[in-house]
Amino acid sequence: VALIVVVLGVQACGSIELLDGPAKDEPIDGSSSSNAARQDMQKPTILALLDKASVNEQGGNLDGALADLERALRIDPRNAQLWHRMARIRLRQQRLQQATDLALKSNGYATENKALQAENWRLIYSARQRLGDMSGALDALAKARSLEE
């Protein structure tokens, strides 16, 4: 049953990236061994929470989706995709400043993922535009475009 949940979670989540510990064939010392094992055990939990968040979001239960994402973030607080999903939901809820703050936090963890950074800047563009901050919106749009080149 757990395997089915993990497979469904992977299918539902699409491009969600989980932060990985050391690769299986890399030598690791005793302290990071338990850390890597803990991360491997947590991935199914995160995937199940992402699946639940997607179902809640699609069903219009945005608060439920946020609660699921918050639980996943307690497990993997440096996951840029999770922060981005939270930002998207806050944007849908018209919590525009929170959406901006969450997207910026996502960018802080997405240092190697230019596509996600660009998505975050486009989200920030939309939030700032709705807030009436046209200068900030245009700055965000310029940053998104520069990452997409």
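Keep in mind that this is a model prediction, so the values were computed, not measured.

About the thresholds
- Residues numbered from 1 in each chain as written.
- Predicted model: local features only at pLDDT ≥ 70, side-chain atom pairs only at ≥ 80, totals over all residues.
- Heavy atoms only, no water.
- Helix = DSSP H or I, 4+ residues; strand = E, 2+ residues; numbered from the N terminus.
- Buried < 20%, exposed > 50% of the residue type's maximum accessible area, 1.4 Å probe, protein only.
- Contact = heavy atoms within 4.5 Å.
- Areas by Shrake-Rupley, 256 points an atom, 1.4 Å probe, with all protein chains shown as cover.
- Phe/Tyr/Trp six-rings, centres within 6.5 Å; stacked < 30°, edge-to-face > 60°.
- Lys NZ or Arg CZ within 6 Å of the ring centre and 35° of its normal.
- Axes fitted to C-alpha atoms, helices over the stretch in contact; angles between N-to-C directions.
- Parallel < 35°, antiparallel > 145°, perpendicular 65-115°, else oblique.
- Left-handed = near helix turned anticlockwise from the far one by under 90°.
- Polar contact = N/O pair within 3.5 Å; in protein donor to acceptor, adjacent residues only side chain to side chain.
- pLDDT = per-residue confidence, 0-100.
- Core = buried A, V, L, I, M, F, W, Y, C linked by side-chain atoms within 4.5 Å.

**Remarks on the overall build of the protein**
Helix and strand content of the protein: seven helices and zero strands. Traced from its N-terminal end to its C-terminal end, the protein shows the element sequence α-α-α-α-α-α-α. With 149 residues in all, the protein has 39% of them scored as buried. Considering only intrachain contacts with a sequence separation of at least 6, the fraction spanning at least 24 residues in the protein is 52%. With the model as given, the accessible surface of the protein reaches about 8600 Å², and the carbon-plus-sulfur share is 52%.

**Concerning the environment of Asp101**
Turning to its location among the elements, Asp101 is positioned in helix α5 (residues 96-109). Taking the C-alpha atoms as reference points, Asp101 and Arg90, separated by eleven residues in sequence, lie 10.0 Å from one another.

**Examining the packing of aromatic side chains**
Applying the stated criterion to the full structure yields zero aromatic pairs. The residue whose ring lies beneath Lys105 is Trp83, and the NZ or CZ to ring-centre distance is 4.6 Å.

**A word on the packing of helix α6 (residues 114-131) against helix α7 (residues 134-148)**
Think of two packed helices as two axes; the pair is described by the angle between the axes and how far apart they sit. Two elements in contact, α6 and α7, have axes whose closest approach is 8 Å; the angle formed by their N-to-C orientations is 165°. Between α6 and α7, the interaxial angle falls into the category roughly antiparallel. Crossing handedness for the pair α6 and α7: left-handed. Residue-level inspection shows Lys114, Gln117, Ala118, Trp121, Arg122, Ile124, Tyr125, Arg128 and Gln129 of α6 in contact with α7, the latter providing Met134, Gly136, Ala137, Leu138, Ala140, Leu141, Lys143, Ala144, Arg145, Leu147 and Glu148.

**Details of unusual backbone geometry**
Although it is not a glycine, Gln94 sits at a positive phi angle of roughly 65°. Checked against the element boundaries, Gln94 lands in the loop between α4 (80-92) and α5.

**So, the side chain of Arg90**
One can find Arg90 in helix α4. A distance of 2.7 Å separates polar atoms of two side chains, one belonging to Arg90 and the other to Gln93. For Arg90, the side chain forms a polar contact with the side chain of Gln98, separated by 2.9 Å. Sequence-distant contacts of Arg90, that is, excluding residues within four places in its chain, are made with Leu66, Arg95, Gln98, Ala99 and Leu102.

**Describing the confidence of the model for the protein**
With 72% of its residues at a pLDDT of at least 70, the protein reaches an overall mean of 81. Segment residues 1-33 is flagged for pLDDT under 50; beyond a separation of four residues in sequence, or across chains, it makes 36 contacts in the model.

**Overview of the nonpolar core**
Within the largest apolar cluster, 27 residues are counted, with the highest numbers of intra-cluster contacts made by Leu50, Leu69, Leu82, Met86, Ile89, Leu91 and Leu123. Not counting residues within four places of it along the chain, the set of residues in contact with Leu69 comprises Leu50, Ala53, Leu82, Arg85, Met86 and Ile89.

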